[in-house]
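Take a look at the letters that make up each chain.
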Number of protein chains: 2
Amino acid sequence: MKWSELAGQPCPIARALSVFGDRWTLLVLRDCFLGVRRFDEFRERLGLPRAVLTERLRLLADEGVLDRVAYQQGPERHEYRLTAKGRDLYPVLLAIAGWSDRHMAGEAGPPLRHRHARCGQDFHAEMRCSECGEPLDPREVEVRPGAGFADPRARRQRPAGG
Amino acid sequence: MKWSELAGQPCPIARALSVFGDRWTLLVLRDCFLGVRRFDEFRERLGLPRAVLTERLRLLADEGVLDRVAYQQGPERHEYRLTAKGRDLYPVLLAIAGWSDRHMAGEAGPPLRHRHARCGQDFHAEMRCSECGEPLDPREVEVRPGAGFADPRARRQRPAGG
DNA sequence: CGAAGTAAGTTCAAAAAATGAACCGAGTCA
DNA sequence: TGACTCGGTTCATTTTTTGAACTTACTTCG
C-alpha cells in the first residue's frame, strides 16, 4: 500500500495515520500542547531537520490540525496553533502517555506526572464507553461497516508528494 | 534527534513512539485487535513489504507487545498474539479512531461503527480523569517532572539497528 | 555605517529506510 | 514428480530523512 492511499481507506485509524502516522508528527503535536508555537522552538526541542519540520507543519495546517497565523509583518512570520480539531487529539496523546507510563517506565516510575487542575490530583487517562460509561475491553467491541464505508468522497487521495 | 535515542527520553510519548511511531506499526496492531495473527495475513491486508513486516513484528515481540508462539513444528512457524501490554494499547487505537470519526469522516459519516457488546450501543471512546471522572481539557492539565525523570535505567538505548 | 544576529524557511548531497521482486527451505497435496 | 504453502531472506531501486549550508528581510550592536 502506498502512503498516499491511506487517507482513502475505509478505516478511521488508517485515515488518521495519513495525518500523523510518521516518526515526528505526534512529537510536534505534543509540543503544541506544551505551548510551543514557533518553527525554531519546535526545531530546537525536537532536533529534526528543518525541511522535515516545514513539511510536517504544512501538512498539519493543510489538514486543519494547526492554524498558521502571521505574528509579524516586515519579514512575514507565522506561528502554529492548535485548532479545535488539533485540540481534539489530546485524548490520543494522553492514551499514549498512559500506556507508556504503565508499561515503559523504569524502576523509578514514570518520567512525568500529570496533574488535573480541576480536581488537584495526579491522574492517568481512562477510556470509557460513551454510552454506558464502563471501561472498554477489546473483546467486547464489535466493528461493523458504517454509513461512510464506501463513501467515494472520503476516498480522495492526497495530491502526489503530500 | 536520532530515532534510537527516543526510547531514552524523559517523555512517555517519545518512549512509546520508539515502539510504534512509524508508518506501519499501528496498522499492524489494529489488525491484531481484529484477530490477525499470521505473517501472510498481515502482509496481504496491509500490502507492506515482507522485510518491513518481519522487522516490525520482531520489534513488537522484543518490546513485549506481541508474543511470538509456534503453532506448528516441521517447518516451525509462528504466530503473533497480543500480550497484556499489547492489549493495553486498545485505548490508543480507540482514541485515534474516535478522533478520525469526528474529524476525518466524509459526508456520509464514519466508515465503521463500534458497538459495545456489554451495553449494546454504538459508542465512541471518552477520555476521563482517573481521579475525578471528568473529561480532560488540555488547559486543565499540568505536566511536571516525576520520579523517573532522570532514571538512568530508563535512558537505555535500543541496540543499533534494532 | 557595517557586522552580527534572528526567524523561518529553501536547497542539496549523502545516508537510511521503504519498496517490490525474486529466491529459499521444509514440508504438504495431487 | 511438480505445484503449492508459509514465513521468511536477499538485493537492486526508489523514496525519505538527515544535516549542513545558504537565503531573505529585517533588527540590534558597536
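Our structure's up above, just so we're on the same page.
First things first, this report covers the structure right here in the doc. Predicted, not measured: the structure shown is a model, and the values here were computed from it. (Residues numbered from 1 in each chain as written. Chains lettered and ligands numbered in written order. Predicted model: local features only at pLDDT ≥ 70, side-chain atom pairs only at ≥ 80, totals over all residues. Heavy atoms only, no water.)

Quick notes on the overall build of chain A
At step 1: A tally of regular secondary structure across chain A gives six helices and six strands.
At step 2: The order of helices and strands in chain A, counted from the N terminus, is α-α-α-α-β-β-α-α-β-β-β-β.
At step 3: Seen along its three principal axes, the alpha-carbon backbone of chain A occupies a region of about 55 × 45 × 30 Å.
At step 4: Burial statistics for chain A: of 162 residues in total, 46% are counted as buried.
At step 5: A fraction of 39% describes how many contacts in chain A between residues 6 or more apart in sequence connect residues 24 or more apart.
At step 6: A distance of 4 Å separates the average location of the 27 positive side-chain charges in chain A from that of its 23 negative side-chain charges. (Helix = DSSP H or I, 4+ residues; strand = E, 2+ residues; numbered from the N terminus. Buried < 20%, exposed > 50% of the residue type's maximum accessible area, 1.4 Å probe, protein only. Contact = heavy atoms within 4.5 Å. Lys, Arg positive; Asp, Glu negative; His and termini not counted. Charge placed at Lys NZ, Arg CZ, Asp CG, Glu CD.)

What about the side chain of Glu79(A)?
All names here are of chain A.
At step 1: Note on placement: Glu79 falls in strand β2 (residues 77–82).
At step 2: Classification of Glu79 as buried rests on a relative accessible area of 5%.
At step 3: Separated by 2.7 Å, the side chains of Glu79 and Arg81 make a polar contact.
At step 4: Setting aside residues up to four positions removed in sequence, Glu79 forms contacts with Arg37, Arg38, Asp67, Arg68, Val69 and Tyr71. (Polar contact = N/O pair within 3.5 Å; in protein donor to acceptor, adjacent residues only side chain to side chain.)

A few points about the pairing of strand β1 (residues 66–72) of chain B
Side chains on a regular strand alternate between the two faces of the sheet.
All names here are of chain B.
At step 1: Pairing of β1 with strand β2 (residues 77–82) involves six bridges; the strand directions are antiparallel. Across the sheet, Arg68 pairs through a bridge with Tyr80, a residue of β2.
At step 2: A loop of four residues connects β1 with β2, the two strands running antiparallel in sequence, and Gly74 in this loop sits at a positive phi of about 80°. (Pairing = 2+ DSSP bridges.)

Brief notes about the protein's contact with DNA strand D
At step 1: For DNA strand D, the set of nearby residues contains 19 residues, the closest of which are Trp24(A), Arg50(B), Tyr71(B), Arg77(B) and Tyr80(B).
At step 2: Within 4 Å of the protein, atoms of DNA strand D come from sugar and phosphate in 63% of cases.
At step 3: Within the side chain of Arg68(B), an N or O atom sits 3.0 Å from a phosphate oxygen of DNA strand D.
At step 4: The separation between a base oxygen of DNA strand D and a polar side-chain atom of Arg77(B) is 2.6 Å.
At step 5: Of all the secondary structure elements, the ones that give two or more residues to the surface near DNA strand D are α4 (50–62) of chain A together with α3 (39–46), α4 (50–62), β1 and β2 of chain B.
At step 6: Taken together, the residues of the surface near DNA strand D break down into seven nonpolar, three polar and nine charged. (Near = heavy atom within 4 Å. Nonpolar A, V, L, I, M, F, W, Y, C, P; charged D, E, K, R; others polar.)

Some words on the nonpolar core
Soluble globular proteins: nonpolar side chains tend toward being buried together.
At step 1: Within the largest apolar cluster, 84 residues are counted, with the highest numbers of intra-cluster contacts made by Phe20(A), Leu29(A), Leu66(A), Phe20(B), Leu29(B) and Leu66(B).
At step 2: Ignoring sequence-local partners within four residues, the contact set of Leu29(B) consists of Phe20(B), Leu60(B), Val65(B), Leu66(B), Leu82(B), Leu89(B) and Leu93(B). (Core = buried A, V, L, I, M, F, W, Y, C linked by side-chain atoms within 4.5 Å.)

Side note on the interface of chain B and chain A
At step 1: Each partner contributes to the interface: chain B provides 93 residues, whereas chain A provides 93 residues.
At step 2: Taken together, the two surfaces of chain B and chain A that pack against each other cover about 8800 Å², and 64% of this comes from carbon and sulfur.
At step 3: Area buried by chain B at its contact with chain A is led by Arg23(B), Trp99(B) and Met104(B), which between them contribute 8% of it.
At step 4: Summed over the shared surface of chain B and chain A, the number is 10 salt bridges.
At step 5: With its nearest N and O atoms 3.5 Å apart, the salt bridge here joins Arg102(A) to Asp88(B). (Buried area = accessible area lost by both parts, 1.4 Å probe. Salt bridge = Lys/Arg side-chain N within 4 Å of Asp/Glu carboxyl O.)

Remarks on the relation of the copies chain B and chain A
At step 1: Its rotation angle being 180°, the transformation that places chain B on chain A also includes 0.0 Å of axial translation and leaves an RMSD of 0.0 Å. Look at the turn and shift together and you get a two-fold axis relating the two.
At step 2: Residue by residue, 99% of the interface of chain B is reproduced at the interface of chain A, so both copies engage with the same surface. (Least-squares fit on C-alpha atoms with pLDDT ≥ 70 in both.)

Some remarks on the protein's contact with DNA strand C
At step 1: The immediate surroundings of DNA strand C are formed by 19 residues, with Arg50(A), Tyr71(A), Arg77(A), Tyr80(A) and Arg56(B) found nearest.
At step 2: When the atoms of DNA strand C within 4 Å of the protein are sorted by group, sugar and phosphate make up 61%.
At step 3: At 2.9 Å, a side-chain N or O of Arg68(A) approaches a phosphate oxygen of DNA strand C.
At step 4: Tyr80(A) is positioned with one of its side-chain polar atoms (N or O) 2.7 Å from a phosphate oxygen of DNA strand C.
At step 5: Every element with two or more residues in the surface near DNA strand C is listed here: α3 (39–46), α4, β1 (66–72) and β2 of chain A together with α4 of chain B.
At step 6: Residue composition of the surface near DNA strand C, by class: eight nonpolar, three polar and eight charged.

That is the geometry; function is a separate question.
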